[in-house]
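# A closer look at the structure
If you want the building blocks of each chain, they are given just below.
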Amino acid sequence: QLARYSEAYYQGNLKKARQDWQVQFLPNQVKGQLIGYSINQESVELNSYLVQEKQLLAKMATLLNNPQQATQLNSAAKQLTQLINRCFFDDQSGFYYDRQISDRQISDSQNNQICTGKLLTQRGKGPEGWAPLFSNIANIEQAQKVANSMLNPLEFNSKIPLPTAALNNPAYDPDIYWRGRVWLDQVYFGLIGLQNYGY
């Protein structure tokens, strides 16, 4: 797979191709003390679930008669939703992707908003891209584009639908653990996401 990818994008240079696929670990330090590691990417899936959690906690705060806490949580959920839809969605491919962590800021010319790092589109489409539909935070246009990929027989609408990598993902293989096999939880998230938008 890596060889095919390197031929398609880097004239056979495996070293450059491998850099696209590798996840790097960044040290986390506090006052010079190593306290752990993080991977070098921001997850669209995790952030989508965090929005949903903030919204659920806001409902709990309302039930517990804590309107100030509910307002703060709803505000945080709205801000994160805007960030996800602005910084994790690729207009060209019509899908959501993780972002590589970087100090370099990329300006969004439409909103003068800033996103850091770059979208990891070269890694291909995976189920993380439909998490915003599951969490019901994608706007209608974005949801339609993601649904088109999910329902496309050349991408995710395979014989057993919604695999862990799109059929046209450069790393797709139906026998590889996280690059093509179908996982029940990801299918569930995908089906609920489609249902949330009327599909």
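Preceding this section is the structure that the text describes.
As the structure is a computational prediction, the values presented were derived from the model and not from experiment.

This part covers the overall build of the protein. A tally of regular secondary structure across the protein gives seven helices and eight strands. C-alpha extents for the protein along the principal axes are approximately 60 × 50 × 35 Å. Residues classed as buried in the protein amount to 40% of the 199 residues present. Of the contacts made within the protein by residues no fewer than 6 positions apart, 53% connect residues no fewer than 24 positions apart. In the structure as shown, the protein presents an accessible area of about 12100 Å², 51% of it carried by carbon and sulfur atoms. Within the protein, one finds 18 positive and 16 negative side-chain charges whose respective centroids are separated by 4 Å.

Right, let's talk about the packing of aromatic side chains for a bit. Where two aromatic rings form a pair, the distance of their centres and the angle of their planes describe that pair. Counted by the stated rule, this structure contains 11 aromatic pairs. With a centroid separation of 4.9 Å and an interplanar angle of 70°, the aromatic rings of Phe89 and Tyr96 are classed as edge-to-face. Judged by its relative accessible area of 0%, Tyr96 falls in the buried class. Among the aromatic residues, those joined into a ring-pair cluster are Tyr49, Phe134, Tyr188 and Phe189.

So, on to unusual backbone geometry. The phi dihedral of Lys31 falls on the positive side, at around 50°, and the residue is not glycine. Within the secondary structure, Lys31 is located in the loop between strand 1 (25–30) and strand 2 (33–39). Here Lys31 falls in the exposed class, since its relative accessible area comes to 84%. Its identity is not glycine, yet Asn136 carries a phi of approximately 60°, on the positive side. Structurally, the position occupied by Asn136 is in the loop between helix 5 (131–134) and helix 6 (140–151).

Inspection of the secondary structure assignment puts Gln82 in helix 4 (residues 67–87). Separated by 52 residues in sequence, Gln82 and Phe134 place their C-alpha atoms 16 Å apart.

Further remarks concern the state of the cysteines. Among covalent bonds in proteins, the disulfide is the one between the sulfur atoms of two cysteines. Applying the stated criterion to the full structure yields one disulfide. Across the disulfide, Cys87 is cross-linked to Cys115 (sulfur-sulfur distance 1.9 Å). Because the torsion about its S-S bond is -80°, the bridge between Cys87 and Cys115 counts as left-handed. Taken together, the residues span a long stretch of sequence, with Cys87 in helix 4 and Cys115 in strand 8 (residues 113–116) at a distance of 28 residues. Owing to a relative accessible area of 2%, Cys87 belongs among the buried residues under this scheme. Judged by relative accessible area, Cys115 falls into the buried class, the value being 7%.

With that settled, consider the nonpolar core. Residues Ile84, Tyr96, Trp130, Leu133, Val146 and Met150 are the most contacted members of the largest nonpolar core, which totals 31 residues. Of all the elements in the fold, those that place two or more residues in this core are helix 3 (44–63), helix 4, strand 5 (95–96), helix 5, helix 6 and helix 7 (184–196). Here Trp130 is in contact with Phe95, Val146, Met150, Phe156, Leu162, Pro163, Gln186, Phe189 and Gly190, once residues within four sequence places are set aside.

Procedures and definitions
Residues numbered from 1 in each chain as written. Predicted model: local features only at pLDDT ≥ 70, side-chain atom pairs only at ≥ 80, totals over all residues. Heavy atoms only, no water. Helix = DSSP H or I, 4+ residues; strand = E, 2+ residues; numbered from the N terminus. Buried < 20%, exposed > 50% of the residue type's maximum accessible area, 1.4 Å probe, protein only. Contact = heavy atoms within 4.5 Å. Areas by Shrake-Rupley, 256 points an atom, 1.4 Å probe, with all protein chains shown as cover. Lys, Arg positive; Asp, Glu negative; His and termini not counted. Charge placed at Lys NZ, Arg CZ, Asp CG, Glu CD. Phe/Tyr/Trp six-rings, centres within 6.5 Å; stacked < 30°, edge-to-face > 60°. Disulfide = S-S within 2.5 Å. Core = buried A, V, L, I, M, F, W, Y, C linked by side-chain atoms within 4.5 Å.

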